[in-house]
Amino acid sequence: MQIIEDRVYAFSKDNPPCYTAQPGEVLQFNTLDCFSGRLTDETVTMKDMDFSYNITNPAAGPVYVEGAEVGDVLVVDIYDIQVADEGTIATDDHCGPLFEGTDYRTKKIKIEGGMADFNGVRFPINPMIGVIGTAPTEGAPADGFVGNYGGNMDNKLITKGTRLYFPVRVPGALLQMGDVHATMGDAELCGTGIEIAAQITVRVNVLKNFELHWPVLETFGPAGKWYVNASAQEYNEALVCASKEMQRLLMNITGWDAVETYMYMSAQSDVEISQGCKPCEVQLSLRIGTPKLTEFPPLVG
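Since the model is a prediction, treat every value here as computed from it, not as a measurement.

The rules behind the values
Residues numbered from 1 in each chain as written. Predicted model: local features only at pLDDT ≥ 70, side-chain atom pairs only at ≥ 80, totals over all residues. Heavy atoms only, no water. Helix = DSSP H or I, 4+ residues; strand = E, 2+ residues; numbered from the N terminus. Polar contact = N/O pair within 3.5 Å; in protein donor to acceptor, adjacent residues only side chain to side chain. Axes fitted to C-alpha atoms, helices over the stretch in contact; angles between N-to-C directions. Parallel < 35°, antiparallel > 145°, perpendicular 65-115°, else oblique. Left-handed = near helix turned anticlockwise from the far one by under 90°. Contact = heavy atoms within 4.5 Å. Disulfide = S-S within 2.5 Å. Buried < 20%, exposed > 50% of the residue type's maximum accessible area, 1.4 Å probe, protein only. Core = buried A, V, L, I, M, F, W, Y, C linked by side-chain atoms within 4.5 Å. Pairing = 2+ DSSP bridges.

**Student:** What is the right way to look at the side chain of Gln275 in this model?
**Tutor:** Looking at where Gln275 falls in the secondary structure, it is placed in strand β19 (residues 270-275). Only 3.5 Å separates the side chain of Gln275 from the backbone nitrogen of Cys277, close enough to count as a polar contact.

Written as structure tokens, this is what we have:
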């Protein structure tokens, strides 16, 4: 199994790939925490490291996937996420709804036996990938930002056992990932979860000639759902983007018209905030989840 350890700080078609993978290949991405390990102890804060989104959230990669062409979809199955034995939560004075009463502080969290310890309160971890995606057509957005290529989606459902679908906008897709959290609540209120170094094991595949505008996540089991992930500076804009894409994909498989599909979504689809720690400059990231329909073909496929 190829181990990916090269790191980049932006999503770009100009990033040279560190490896070429074949469809169906299993890869291991070794990642640092979002601070690149610079918050060494609780006396060092984000203020000391002169925090900037251009020097944070290092992503392992990128990987060129053979056969992935513009107009295809890159499929990523997350097989496993193994995290280090200590993570970090940090705050600053300009992030999240309570920023006005918050200063710069760093807290180290021990991880043992699948449990996190916060001031003696122990709770199970659920390792998830914050940053994952493919290269956009143009530009080089920093890994701390999110868009229709993926990026810093901070979706806590991007965890072991899920499958992701990314639109391919450049040859080879150029997959990269990082910013693992041992656990993170929806919206990531203070701007960080339990940030942690990790080893991520995934399988990559290519779905040919499928139109996809935003990343899609698939969960499995009796409660399996399809999730469209979208983002924008403001909630309403992100909600419109995700709703339009979910509506379009559902219409494709059901044959329902736009209004009937909209009605069904109102009855069955949930809107969930993945990352919304405004007033930080990172776009708001949300997801719309819809139950799988056994009466119809898969939403993506």
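Additional details are given in the paragraphs that follow.
**Student:** Can you help me understand the packing of helix α1 (residues 235-254) against helix α2 (residues 258-268) in this one?
**Tutor:** Helix packing geometry: the angle between the two helix axes and the distance between the axes. The N-to-C vectors of α1 and α2 enclose an angle of 115 degrees; their axes lie 10 Å apart at closest approach. Considering the angle they form, α1 stands roughly perpendicular to α2. Crossing of α1 over α2 shows right-handed handedness. Across from Ser243, Met246, Gln247, Leu250 and Met251 in α1, the residues of α2 making contact are Ala258, Thr261, Tyr262, Tyr264 and Met265.

**Student:** What should I look at first to understand the state of the cysteines in this one?
**Tutor:** A covalent bond between the sulfur atoms of two cysteines is what we call a disulfide. Following the criterion strictly, the structure yields zero disulfides and no others. Cys277 provides the cysteine sulfur closest to Cys95, a residue in no disulfide bond, and the two sulfurs are 3.6 Å apart. This cysteine, Cys277, is not joined by any disulfide, and Cys280 carries the nearest cysteine sulfur, 3.5 Å off. A relative accessible area of 1% places Cys277 in the buried class.

**Student:** Where do I start with the nonpolar core in this structure?
**Tutor:** Within soluble globular proteins, side chains that are nonpolar tend to cluster in buried spots. One finds Phe29, Ile129, Ile132 and Val202 to be the most contacted residues of the largest nonpolar core, which totals 39 residues. For this core, the elements supplying multiple residues, two or more each, are β4 (26-31), β5 (59-65), β6 (73-83), β8 (105-112), β11 (128-133), β14 (163-167), β15 (175-181) and β16 (198-207). Look past the residues within four positions of Ile132 in its chain and what remains in contact with it is Phe11, Val76, Gly150, Gly151, Met153, Ile158, Leu164, Phe166, Leu175, Gln176 and Met177. Grouped together as the second largest cluster of nonpolar side chains are 26 residues, Val73, Trp226, Tyr264 and Val300 included.

**Student:** Would you mind showing me how to read the sheet that holds strand β7 (residues 86-91) here?
**Tutor:** By way of backbone hydrogen bonds, the strands of a sheet pair with one another, either parallel or antiparallel. Strand order in the open sheet made by the four strands is β7-β8-β9-β10, with antiparallel pairing throughout. Strands at the two margins of the open sheet, each flanked by one partner only, are β7 and β10 (121-124). For this sheet, the mean inter-axis angle between neighbouring strands, taken without regard to orientation, is 30 degrees. The pairing of β7 with β8 spans six bridges and is antiparallel. Bridge pairing in β8 links Glu86 to Lys110.

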